[in-house]
Amino acid sequence: MKIGVYPGSFDPFTVGHLDVLKSAAKLFDVVYVAVLNNSAKSPIFTVEDRVSMIDRVIESEGLSNARSGSFSGLLVTYAEQVGAQYIIRGLRAITDFEYEFQIDAVNRHLEPEIRTVYFMANPAHSFLSSSNVREIGELGGSIEGLVPSCNYQYLRERLARQE
Ligand code: PNS
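Criteria and cut-off values
Residues numbered from 1 in each chain as written. Predicted model: local features only at pLDDT ≥ 70, side-chain atom pairs only at ≥ 80, totals over all residues. Heavy atoms only, no water. Salt bridge = Lys/Arg side-chain N within 4 Å of Asp/Glu carboxyl O. Helix = DSSP H or I, 4+ residues; strand = E, 2+ residues; numbered from the N terminus. Buried < 20%, exposed > 50% of the residue type's maximum accessible area, 1.4 Å probe, protein only. Near = heavy atom within 4 Å. Polar contact = N/O pair within 3.5 Å; in protein donor to acceptor, adjacent residues only side chain to side chain. Areas by Shrake-Rupley, 256 points an atom, 1.4 Å probe, with all protein chains shown as cover. Phe/Tyr/Trp six-rings, centres within 6.5 Å; stacked < 30°, edge-to-face > 60°. Core = buried A, V, L, I, M, F, W, Y, C linked by side-chain atoms within 4.5 Å. Contact = heavy atoms within 4.5 Å. Pairing = 2+ DSSP bridges. Right-handed = clockwise from strand over helix to strand, strands pointing away.

The next subject is the pattern of salt bridges. In this structure the tally under the stated criterion is 6 salt bridges. Here Asp49 and Arg158 are joined by a salt bridge, their closest N and O atoms 2.8 Å apart. Residue Asp49 is located in helix α2 (residues 47-60), and its partner Arg158 is located in helix α6 (residues 149-160); the two are separated by 109 residues in the primary sequence. With relative accessibility at 18%, the residue Asp49 sits in the buried group. We note a salt bridge from Arg92 to Asp96, for which the minimum N-O separation is 3.0 Å.

In structure tokens, the structure reads:
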């Protein structure tokens, strides 16, 4: 069985993340969407909030082979725990490539058997990031179409209260 882990901060999960998840769900038997639990990154949404938003996406998109989860140690340790042979990441631009290149080198040093596969972002989402969504929402702009519709109302209200 081909199992993949799609890790990230997902603060919050965007339509760009959804695009990668949908592609991965077609390729893998099971995909774990794994939220990084790391307070050093100062996320604005709690791990529980982020996992709940991902659960709503999985359900409303009917992604029956996707599961949500969270992890706080090394990614490769979490991947081993869930039996994953692959890590899944999205790439938007050349700047992502440099960052991903480093993460891959570290992960391969730690666990050479676990390989990372990359999905190129839909060009329509090449500008999109969780931090853009947070900023737009906090400053009163519309985040419609930038986050999965099942989470739109919740995020709109939460981000508006953030400022
Ligand atoms: O969405 P992000 O913040 O770009 O995701 C980064 C993530 C979660 C993939 C990375 O920070 C990570 O894997 N952290 C866990 C700690 C770890 O395994 N570090 C070694 C690889 S850098």
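Let's shift gears to the site of the ligand. If you check the shell around the ligand, you find Gly8, Ser9, Leu36, Lys41, Phe71, Gly73, Leu74, Leu75, Arg89, Tyr99, Val106 and Asn107 and nothing else. Backbone polar atom of Leu75 to an oxygen atom of the ligand: 2.8 Å apart, as the coordinates give it. Taking Tyr99, its side chain carries an N or O atom lying 3.1 Å from an oxygen atom of the ligand. Protein contacts shield 77% of the accessible area of the ligand, which totals 540 Å² for the unbound molecule. When residues in the shell around the ligand are grouped by element, the largest group, 3 residues, is from helix α4 (residues 94-110).

What follows deals with the packing of aromatic side chains. Counted under the stated rule, the structure contains 5 aromatic pairs. Ring geometry for Phe10 and Phe13: centres 5.3 Å apart, planes at 50°, overall tilted. With a relative accessible area of 3%, Phe10 lands in the buried category. Judged by relative accessible area, Phe13 falls into the buried class, the value being 2%. Here the aromatic residues Tyr6, Phe10 and Phe13 are joined through ring pairs into a cluster of three or more.

A few words now on the nonpolar core. Residues Tyr6, Phe13, Leu21 and Ile88 are the most contacted members of the largest nonpolar core, which totals 21 residues. Elements that contribute at least two residues to this core include exactly α1 (15-27), β2 (30-36) and α2. Ignoring any residue separated from it by four or fewer positions in sequence, one finds Ile88 in contact with Gly4, Val5, Tyr6, Pro7, Val20, Ala24, Phe28, Val31, Val117 and Phe119. Ile3, Tyr32, Leu75 and Ile87 belong to the second largest nonpolar core, which has 15 residues in total.

Right, let's get into the pairing of β2. Of all the 7 residues making up β2, 7 are buried; the element is thus mostly covered by neighbouring parts of the structure. The two faces of β2 match: Val30, Tyr32, Ala34 and Leu36 on one face and Val31, Val33 and Val35 on the other face are all buried. Where strand β1 (residues 3-8) lies against β2, 6 bridges are found, and the strand directions are parallel. Note on β2: the bridge partner recorded for Tyr6 is Val33. The β-α-β motif built from β1, the intervening α1 and the parallel element β2 has right-handed crossover chirality. Where β2 and strand β3 (residues 66-71) come together, 6 bridges link them in parallel fashion. Within β3, the residue paired with Ala34 across the bridge is Gly69. As for the winding sense of the linkage, the β-α-β connection from β2 through α2 to β3 is right-handed.

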